[in-house]
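Chain and residue survey
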Amino acid sequence: MKQQGTRKLHKLDVKFGVLPKMLIGILGPLVVILVIVGIALNAQVSSMVTNMENDYLSSETARSAAQVEQFFQKFFGVVETEAASPQVIAALKNWDPTTFEGSEQQINLKKELQGIQQTQPEDILNMCVASAAAEQVVQSNGDFLKLPGYDVVSRPWYSRAVQEQKTIATGAYVDVNTNELVVTVATPVVENGKTLGVVMVDITLTNLIESVSQITIGQTGYVAVFDSDKNVLYHPSEELILQNVADIPYSDNIKQALLNDESVEQMSYTHGDTSYYGTTIAIDSLDYVIFGLLPAQEYTQPIAQTRNITIGFFVGCIILLIIIIFIIALRITRSLKQLASSAKQLA
């Protein structure tokens, strides 16, 4: 009886003692190594996917900014070329407020402005030359403007161009005649350091808005455009058009970036109760800011998917490794059992 009990204990030791020890001794270190490698690899892959998302958001926002700037630059060229025109300079130097209206010089100047307007009739609503000394305005599309009915000096496009001494783009506004969204581009006419007047052009934004509206970021992301007054020039939600950024329920971090003309990448922010990731690009020549954004749910989805795939892969590897090592260990224990039995017979 005692000998039979000893045999049973020996069998249990071989079957249940050696096998678990081998599994723990081999699998333990391997599993620990795999977990460490998996964590490191998951972090690296997640970082790569995050960088790809960031690059995509930044590149789409930059593409939109380039598109907006390119649209306005052609009108910067229009007013700057006209400001250097000998006919405009001569008219401004010889402008007599008492006799200029109806004069041959005024008629020729208006014809020149009309000719420029006709080159881009879909975009140019009106083009003007304003005299600094006379405070009078010749329009391509309208009557001769003068005091007291029209105070040109108080107009934002005039005052900004003269004060800043450069070509400027105003904030967007609704034209009273056409009810279209319009921006004015203006530049000073300067000779020998003296400001003679200002050349300006009123631009309808219909084509620009149509173009920008075609830009999408991901499935649900989009681009918004803020003008020099930090009002919304374009946004997919029409109720936000011409609203100031200060009045939109953005979180403070994105408000400050937009108000301060900052270019920032991948800022996490909120709009109301919804979380987003956004990139802003300031267009210095316009004092405009382009804002590209993605809802946080879509932004983080590829990262979460990549993380889940990586974790699933390593869990699968660990399970497969356990099975393979268990089979190998089981064969080894069987061999050991056979050796023990043979040794016992020999003894």
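Criteria and thresholds
Sequence order as written defines the numbering, with residues in each chain counted from 1. Local features are withheld for residues below a pLDDT of 70 in this predicted model, meaning they are given only at 70 or higher, and side-chain atom pairs are given and counted only at 80 or more; totals for whole chains, interfaces and linings count all residues. Calculation of side-chain values draws on the structure's entire complement of heavy atoms; hydrogens and water are dropped beforehand. Each pair of aromatic rings taken from Phe, Tyr and Trp, with Trp reduced to its six-membered ring, is defined by centres within 6.5 Å and is described as stacked if the planes are under 30 degrees apart, edge-to-face if over 60, and tilted in the remaining cases. Relative accessibility thresholds used throughout: buried, under 20% of the residue-type maximum; exposed, over 50%; partly exposed, between the two (1.4 Å probe, protein chains only). Elements are defined by DSSP. Helices are runs of H or I of four residues or more, strands are runs of E of two residues or more, and each kind is numbered from the N terminus. Only four residue types enter the tally: Lys and Arg on the positive side, Asp and Glu on the negative side; His and the chain ends are excluded. The working definition used for a salt bridge is a side-chain nitrogen of Lys or Arg within 4 Å of a carboxyl oxygen of Asp or Glu. Strand pairing is assigned whenever DSSP detects at least two bridges linking the two strands. Interaxial angles span 0 to 180 degrees and are taken between N-to-C directions of axes, which are lines fitted to C-alpha atoms, for helices over the stretch in contact. Note on contacts: a residue pair qualifies if any of its non-hydrogen atoms lie within 4.5 Å across the two residues. Patches here are clusters of residues that have more than 30% relative accessible area and form no salt bridge, with a 9 Å joining cutoff for like charges and a 5 Å cutoff for nonpolar side chains (Val, Leu, Ile, Met, Phe, Trp, Tyr). Residue-level accessible areas treat just the shown protein chains as cover; the underlying method is Shrake-Rupley with a 1.4 Å probe. The directions from the helix axis to the C-beta atoms are what the arc is built from. Polar contacts, as counted here, are pairs of nitrogen or oxygen atoms within 3.5 Å of one another; within protein the pair requires one atom able to donate a hydrogen and one able to accept it, and residues that are adjacent in sequence qualify only if both atoms are side-chain atoms.

Counted by the stated rule, this structure contains 13 aromatic pairs. Plain terms: the ring middles of Trp 95 and Phe 100 are 3.9 Å apart, the flat faces sit at 15 degrees to each other, and that makes the pair stacked. Grouping residues by exposure puts Trp 95 and Phe 100 together as buried. Both rings, one in Tyr 269 and one in Tyr 276, keep their centres 5.5 Å apart while their planes meet at 20 degrees; by these two values the pair is stacked. Pair check on accessibility: Tyr 269 and Tyr 276 agree, each one buried. Each member of the aromatic cluster is reached from another via a ring pair, and the members are Phe 226, Tyr 250, Tyr 269, Tyr 276 and Phe 291.

This part covers the side chain of Lys 255. With respect to the element layout, Lys 255 can be found in helix α6 (residues 252–259). The side chain of Lys 255 is buried and forms no salt bridge, while Asp 252, the nearest opposite charge, is found at 5.1 Å.

Among the eight residues of strand β1 (residues 124–131), eight are classified as buried, and the element is accordingly described as predominantly covered. Taken together, the seven bridges between β1 and strand β6 (residues 194–204) define a ladder with antiparallel strand orientation. Following the sheet pairing, Val 129 is matched in β6 by Val 199. Between β1 and strand β2 (residues 137–139), which pair antiparallel one after the other, the connecting turn spans five residues, and Glu 135 there sits at a positive phi close to 55 degrees.

On to the pattern of salt bridges, then. Applying the stated criterion across every chain, the model contains eight salt bridges. As a salt-bridge pair, Glu 164 and Arg 160 come within 3.0 Å of each other at their nearest N and O atoms. In this pair, Glu 164 and Arg 160 both sit in helix α4 (residues 156–164), four residues apart, roughly one turn of the helix. For Glu 164, a relative accessible area of 33% translates into the label partly exposed. The buried category is assigned to Arg 160, whose relative accessible area is 18%. Glu 164 is paired through a salt bridge with Lys 166; the nearest N and O atoms lie 3.9 Å apart. Classification of Lys 166 as partly exposed rests on a relative accessible area of 35%. Taken together, the shared-partner salt bridges in this structure form one network comprising Arg 160, Glu 164, Lys 166 and Asp 287.

On to the sheet that holds strand β7 (residues 222–226). Strand order in this open sheet of five strands is β8-β7-β11-β10-β9, and the pairing throughout is antiparallel. The open sheet has two free edges, formed respectively by β8 (232–234) and β9 (264–271), since each of these has just one partner strand. Going across the sheet, the axis of each strand differs from the next one's by a mean of 35 degrees, ignoring polarity. Relative to β8, helix α5 (residues 206–213) is tilted by about 75 degrees, and along the sheet it contacts β7 and β8. Lying over the sheet, α6 contacts β7, β9, β10 (274–283) and β11 (288–295), oriented at roughly 130 degrees with respect to β9.

All right, on to unusual backbone geometry then. Residue Pro 148 follows Leu 147 across a cis peptide bond; omega there is 0 degrees. Phi at Asn 192 is positive, roughly 55 degrees, even though this residue is not glycine. Within the secondary structure, Asn 192 is located in the loop between β5 (181–191) and β6. The backbone phi angle of Lys 230 is positive, close to 65 degrees, even though this residue is not glycine. Relative to the helices and strands, Lys 230 is located in the loop between β7 and β8. Relative accessible area serves as the criterion here: at 6%, Lys 230 is assigned to the buried category.

Turning our eyes to something else, we now look at the side chain of Asn 54. Checked against the element boundaries, Asn 54 lands in helix α1 (residues 2–83). The residues touching Asn 54, leaving out its near neighbours within four places in the chain, are Gln 266 and Tyr 299.

Side chains of Ile 311, Val 315, Ile 319, Ile 323, Phe 326 and Ile 327 sit close together on the surface and give an oily, nonpolar patch of about 500 Å² of accessible area. Relative to the helices and strands, Ile 327 resides in helix α7 (residues 296–346).

On to helix α2 (residues 86–93), then. Among all positions in α2, only Val 88, Ile 89, Ala 91 and Leu 92 are buried. Angular distribution of buried residues about the axis of α2 spans 165 degrees; they occupy a single face of the element.

Looking now at the environment of Thr 184. Of note, Thr 184 is situated in strand β5. For Thr 184, a relative accessible area of 1% translates into the label buried. As for Thr 184 and Met 200, which are separated by 16 residues in sequence, their C-alpha atoms are 6.7 Å apart. Discounting chain neighbours no more than four positions away, the residues touching Thr 184 are Trp 157, Ile 168, Ala 169, Thr 170, Tyr 173, Met 200, Val 201 and Asp 202. A polar side-chain atom of Thr 184 sits 2.8 Å from a polar atom in the side chain of Tyr 173. Separated by 2.6 Å, the side chains of Thr 184 and Asp 202 make a polar contact.

Keep in mind these numbers describe shape, not what the thing actually does.
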